[in-house]
Amino acid sequence: MVEPHVSLDPAQLSPVEAKLQGPLEDQLTSALKHAADKVSHDYAGEPVEAVTTELLDETKAGLHPDIADGFVPDQRDLRRVAEAIVREN
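To keep things clear, this report deals only with the structure shown in the data block. (Residues numbered from 1 in each chain as written. Predicted model: local features only at pLDDT ≥ 70, side-chain atom pairs only at ≥ 80, totals over all residues. Heavy atoms only, no water.)

1. Regarding helix α3 (residues 48-61)
Put simply, the rule reads: Working definition: helices are DSSP H or I runs of at least four residues, strands are E runs of at least two. Numbering for both runs from the N terminus. What a helix should span is 1.5 Å times the count of its residues minus one. Relative accessibility decides the category of a residue: with a 1.4 Å probe and only protein chains considered, values under 20% of the type maximum give buried, values over 50% give exposed, and everything between is partly exposed. Directions drawn from the helix axis to the C-beta atoms are what define this arc. Contacts between residues were defined by any pair of non-hydrogen atoms, one from each residue, lying within 4.5 Å.
The terminal C-alpha atoms of α3, which comprises 14 residues, lie 20 Å apart, in line with the 20 Å expected from a rise of 1.5 Å per residue. Buried residues of α3: Val48, Val51, Thr52, Leu55, Leu56 and Thr59, and no others. The buried residues of α3 occupy an angular sector of 140 degrees when the element is viewed end-on, so they sit on one face. Tucked inside the fold, the buried residues of α3 contact α2 (21-42) and α5 (75-88).

Put into structure tokens, the structure is as follows:
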């Protein structure tokens, strides 16, 4: 399984977000890993696009609503995780 990791662009962070960058990245990465495990476990032949959407939905479901609202992952990176799930199942 691919080990997803979320990295935030410091240039796009507010001053408060910049101070919390490490913990935010840890929380987002943890939520994405949990989502990847769940989606992989539940995978039943869906196309990559559907898996990508499931990953985003599951990741956001594992976050505080305020953090989930602001989480806009790089779609290419999210798709790579989805492709790994499809390939490994």
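Further notes follow.
2. What about the side chain of Thr59?
Tracing the sequence through the fold places Thr59 in helix α3. Under the relative-accessibility criterion, Thr59 is labelled buried at 0%.

3. With respect to α2
Along its 22 residues, α2 runs 31 Å from first to last C-alpha, staying within 8% of the 32 Å computed at 1.5 Å per residue. For α2, every residue scored as buried is listed here: Gln21, Leu24, Glu25, Leu28, Thr29, Ala31, Leu32, Ala35, Ala36, Val39 and Ser40. Projection of α2 onto a plane perpendicular to its axis shows the buried side chains occupying an angular sector of 165 degrees, all on one side. Relative to its buried face, α2 has exposed residues pointing more than 90 degrees away, namely Pro23, Asp26, His34, Asp37 and His41. At its buried positions, α2 is contacted by α1 (15-19), α3, α4 (65-70) and α5.

4. A closer look at the packing of α2 against α3
Put simply, the rule reads: Note on geometry: axes are C-alpha line fits, over the in-contact stretch for helices, and angles between N-to-C directions span 0 to 180 degrees. Here the word oblique covers every angle except those under 35 degrees (roughly parallel), over 145 (roughly antiparallel) and from 65 to 115 (roughly perpendicular). Less than a right angle of anticlockwise turn of the near helix away from the far helix marks a crossing as left-handed, whereas a clockwise turn marks it as right-handed. Under the grouping applied here, Gly and all other residues not named as nonpolar or charged are polar, the nonpolar ones being Ala, Val, Leu, Ile, Met, Phe, Trp, Tyr, Cys and Pro and the charged ones Asp, Glu, Lys and Arg.
Where α2 contacts α3, the axes come no closer than 8 Å and their chain directions differ by 130 degrees. Taken as axis vectors, α2 and α3 run oblique relative to one another. Of the two elements, α2 crosses α3, and the hand of that crossing is right-handed. Counted together, Leu28, Ala31, Leu32, Ala35, Ala36, Lys38 and Val39 of α2 and Val51, Glu54, Leu55, Glu58 and Thr59 of α3 form the full contact between these two elements. For the contact of α2 with α3, the per-class residue count stands at 8 nonpolar, 1 polar and 3 charged.

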